[in-house]
Each structure stands twice: as C-alpha cells, then as structure tokens.
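For reference, the chains in residue letters:
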Amino acid sequence: MSEKIYVISCSQDLQSLGMDRLRTAVEGMEERTLSLDWSKVRLVPVIANEKVAFAEGQSEFVPIKPISIPGNSTVFQSFYGVNGMGHLSCIGSQEFKRPDEDRTADMSIFQSRIKASVLKGDLLGQVLIVPGQ
C-alpha cells in the first residue's frame, strides 16, 4: 500500500466558505520516469488576464491567458522576459489534474517588489513546456 499524498488547494473562493485551504488525498502522484523531448520545447509567455493591485512585497493570484500543457509534459520557468515589478512564482489551475493528464494553466501567483498594479495584457514571465512520455 502506498503512502497517501495530499494536494493543497488555495483559492480565493474558499475564503467565502470560511476556509483558507483545502487538503485532498490524491492518487497518481507517485514517482515516475519521464522521457522528455527537448527538440519540441515551447516557449510560452505568461500574460495577465485581468488587473490585480499589489502592495510592496505582496503575493497574489493573477488570472492568466490559458496555457495548454499536454499530459506528461514538464513546465520550467524561464528567467528571461520577465516583469520588472516582480516575480512569477507558479502557474496552474484551480482544478487538480495528475501529471499524465492534459492540463490548462489559467492562474498564476505573482509577487510584486513595488506598490503597483499588474494590468490585463502584461507579461508576467515565460515558461518552457517540454513534452514527455
């Protein structure tokens, strides 16, 4: 029997229910071996899909233009072509999918170094999507 693995979901929608996170046991997150195809890497810009205001040093969810990620693909952050006001921490979705499933990233977490707003259409960063099997 394998050890239970839990996914922690943090969503602004949970706050309306009086919760700050949701912890769910999942299957299919065991260690696996992937064969990555570096000849077909996609470099994808991460673009804000709405305005989000920030205080200095604040991290917030920022909706992004959807990015398709095929099953078994791995996503790496590029440190070139980033937003000068802060740093992209991650991209993902409010809906959990196993790594072998097709996914769509439509949300990010961004941390601003200054008091300012990210505007719709702003480049937050770039990611490399490497297909795998």
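The coordinates are above.
In short, a report on the structure. (Residues numbered from 1 in each chain as written. Predicted model: local features only at pLDDT ≥ 70, side-chain atom pairs only at ≥ 80, totals over all residues. Heavy atoms only, no water.)

What follows concerns the overall build of the protein chain. Per the secondary structure count, the protein chain includes one helix and 10 strands. Counting from the amino terminus, helix and strand elements in the protein chain follow one another as β-α-β-β-β-β-β-β-β-β-β. Expressed as lengths along the three principal axes of its C-alpha atoms, the size of the protein chain is roughly 50 × 45 × 20 Å. A separation of at least 24 residues holds for 74% of the contacts in the protein chain among residues at least 6 apart in sequence. About 8700 Å² of surface is accessible on the protein chain, with carbon and sulfur atoms providing 51% of the total. Counting 14 positive and 16 negative side-chain charges, the protein chain places the centres of these two groups 4 Å from one another. (Helix = DSSP H or I, 4+ residues; strand = E, 2+ residues; numbered from the N terminus. Contact = heavy atoms within 4.5 Å. Areas by Shrake-Rupley, 256 points an atom, 1.4 Å probe, with all protein chains shown as cover. Lys, Arg positive; Asp, Glu negative; His and termini not counted. Charge placed at Lys NZ, Arg CZ, Asp CG, Glu CD.)

A separate point is the sheet that holds strand 6 (residues 74-78). Within the open sheet, the three strands sit side by side as 3-10-6. Their pairing is antiparallel. Of all the strands in the sheet, just strand 3 (42-47) and strand 6 have a single pairing partner and so form its edges. With strand direction ignored, the average angle separating the axes of adjacent strands in the sheet is 35°. Of the strand pairs in this sheet, strand 6 and strand 10 (residues 123-130) are connected by five bridges, and their pairing is antiparallel. Following the sheet pairing, Phe76 is matched in strand 10 by Leu128. (Pairing = 2+ DSSP bridges. Axes fitted to C-alpha atoms, helices over the stretch in contact; angles between N-to-C directions.)

This part is about a nonpolar patch on the surface. Side chains of Ile5, Met29 and Phe96 sit close together on the surface and give an oily, nonpolar patch of about 210 Å² of accessible area. Assignment of secondary structure puts Met29 in the loop between strand 2 (22-26) and strand 3. (Patch = residues over 30% accessible without salt bridge, like charges linked within 9 Å, V, L, I, M, F, W, Y side chains within 5 Å. Salt bridge = Lys/Arg side-chain N within 4 Å of Asp/Glu carboxyl O.)

What follows is about the sheet that holds strand 8 (residues 103-112). In spatial order, the strands read 5-8-7; together these three strands make up an open sheet with antiparallel pairing. The open sheet has two edge strands with one neighbour each: strand 5 (59-69) and strand 7 (86-92). Pairs of neighbouring strands in the sheet enclose a mean axial angle of 25°, with direction left out of account. Pairing of strand 5 with strand 8 involves eight bridges; the strand directions are antiparallel. Directly across from Ser59, in strand 8, lies its bridge partner Gln111.

With that out of the way, let us pick up the packing of aromatic side chains. Any pair of aromatic rings gets described here by the distance separating the centres and the angle formed by the planes. Tallying each qualifying case throughout the model produces two aromatic pairs. Note on Phe54 and Phe110: the rings are 5.7 Å apart at their centroids and 70° apart in plane angle, and the pair reads as edge-to-face. Within this pair, whereas Phe54 is found in strand 4 (residues 52-54), its partner Phe110 is found in strand 8, the two being separated by 56 residues in sequence. You can call Phe54 buried: its relative accessible area is 4%. Classification of Phe110 by relative accessible area gives buried; the value is 0%. (Phe/Tyr/Trp six-rings, centres within 6.5 Å; stacked < 30°, edge-to-face > 60°. Buried < 20%, exposed > 50% of the residue type's maximum accessible area, 1.4 Å probe, protein only.)

Bringing the environment of Lys40 into the picture now. The residue Lys40 is located in the loop between strand 2 and strand 3 in this model. Among the residues examined, Lys40 registers a relative accessible area of 55% and is labelled exposed. C-alpha of Lys40 to C-alpha of Gly132: the two residues are 92 residues apart in sequence and 9.7 Å apart in space. Sequence-distant contacts of Lys40, defined by excluding residues within four places in its chain, comprise Ile129 and Pro131.

Looking now at the layout of surface pockets. Roughly 740 Å³ of internal volume is contained in the largest pocket. Lining the largest pocket are 33 residues, with Cys90, Ile91, Gly92, Ser93 and Glu95 sitting closest to its centre. Of all the secondary structure elements, the ones that give two or more residues to the lining of the largest pocket are strand 1 (5-9), strand 5, strand 6, strand 7 and strand 8. Of the residues assigned to the lining of the largest pocket, the class counts are 20 nonpolar, eight polar and five charged. (1 Å grid on protein atoms, 1.4 Å probe; cavity = no way out; pocket = protein on both sides within 12 Å on 5 of 7 lines; lining within 4 Å. Points joined across faces, edges and corners; volume = space filled by probe spheres on them. Nonpolar A, V, L, I, M, F, W, Y, C, P; charged D, E, K, R; others polar.)

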